[in-house]
Amino acid sequence: MTLSNKNQAITVEKISWKCTVCGFVMNGEKPPKGCPNCHSPSGEFIPADHEITSYNGEPFDVLLINGSSHRAGNTGIMADVAESMLNELTISYRRFNLNEFSIDHCWCCYAVRAQSCDFPCRNKSDDMHIFHLMFTVAKAVIVASSINWNSMSAKLKIFLDRTTCLQNLYHLKKPGLTTGKIVGILVNGHEDGGIKTAMDIFLNFQQMGFILAPFGLYYRTHGAEFTSNEDREFFTADQLLNTYTRGVVSNVVEMMKLGLERQMKERIIPVSE
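Remember, predicted model here, so these are calculated numbers, not experimental data.

About the thresholds
- All chains use their own residue numbering, which begins from 1 and follows the written sequence.
- Only residues with pLDDT of at least 70 are given local features in this predicted model, and only at 80 or more are side-chain atom pairs given and counted; all residues enter the totals for whole chains, interfaces and linings.
- The basis for every side-chain value is the complete set of non-hydrogen atoms in the structure, without hydrogens or water.
- Paired strands are those between which DSSP finds at least two bridges.
- Going along the chain from the N terminus, every DSSP run of H or I of four or more residues is numbered as a helix, and every run of E of two or more is numbered as a strand.
- Helix axes are fitted to C-alpha atoms over the stretch in contact, other axes to C-alpha atoms as well, and angles between N-to-C directions run from 0 to 180 degrees.
- Contacts are assigned to residue pairs that have any heavy atoms within 4.5 Å of one another.

Novice: So what exactly am I meant to see when it comes to the sheet that holds strand E4 (residues 25-28) here?
Specialist: Whether parallel or antiparallel, the strands of a sheet pair through hydrogen bonds between backbone atoms. Read from one edge to the other, the open sheet built from three strands follows the order E4-E3-E5, with strand pairing classed as antiparallel. A single partner strand is all that each edge strand has here, and the edge strands are E4 and strand E5 (45-47). Averaged over all neighbouring strand pairs, the angle between strand axes comes to 35°, with direction disregarded. With four bridges connecting them, strand E3 (residues 15-19) and E4 associate as antiparallel partners. Within E4, the residue paired with Trp-17 across the bridge is Met-26.

Below, the structure is given as structure tokens:
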């Protein structure tokens, strides 16, 4: 589209915008105010030709994952606080919003033959292989999750299912690649299910040999007496969420600095289901 005035012509380029929640695509000069399909706000849109991040194996400290179905929702507020704290502590990190990536369900190769579930994962056609590699390189992982029906989001559940190839290394009598790494867990939701969601997430990491940082788990809910429309304003202004999220990040970093992964790698006896 070309606009003109007395002095010059201005060309305004329309591009395709994709809702990362439902996949709806709209054309425009800027992201739409909201998704007409799933009613998600403007912050959920990214360019439809968004390039997936590649990873060259360069070492870094913390992998920060927003596991919510909404990249710009309430869980994103916690992830933003965590990211701000990592920057303040001058810690190298990489942040990812899972709903921007293509992650297939687990093929459950182990159910067919134990040896088929190995690292690297046999499914190399989606984006999960990037995360598998980062799991082995990063010293710590911080996961932020929403509460969906008293548990984590389906997106995060699929993501954690796909870590089975790392867990299964212990059963194949191969060296573990995640033993002694540190994990912190942040959970956000409208009402009940905070501690259950956090523990469901932790059990996946425990089976990979991760160590939960002291006071490394925090959940914050708003309450059933409020509507979900009120949640975002509450969480944005909530000082407790800010303070305790920063506390979890700090505890993960301090634990990471102890170098337990290096110290304990040859001394840990895997007890993995």
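After that view of the structure, there is still more to cover.
Novice: It is not clear to me how the sheet that holds strand E6 (residues 62-66) should be interpreted in this structure. Could you clarify?
Specialist: Sheet architecture is open: five strands sit in the order E7-E6-E8-E9-E10, paired in parallel fashion. Only two strands of the sheet have a single neighbouring strand rather than two, namely strand E7 (93-97) and strand E10 (211-221). Adjacent strand axes in the sheet meet at a mean angle of 10° when their direction is disregarded. Inspection of the sheet shows strand E8 (residues 140-146) paired to strand E9 (residues 182-189) by seven bridges, in the parallel sense. Residue pairing for E9: Ala-140 is matched across the bridge by Ile-182. Packed onto the sheet, helix H7 (residues 239-257) meets E6, E8, E9 and E10 and runs at close to 165° relative to E10.

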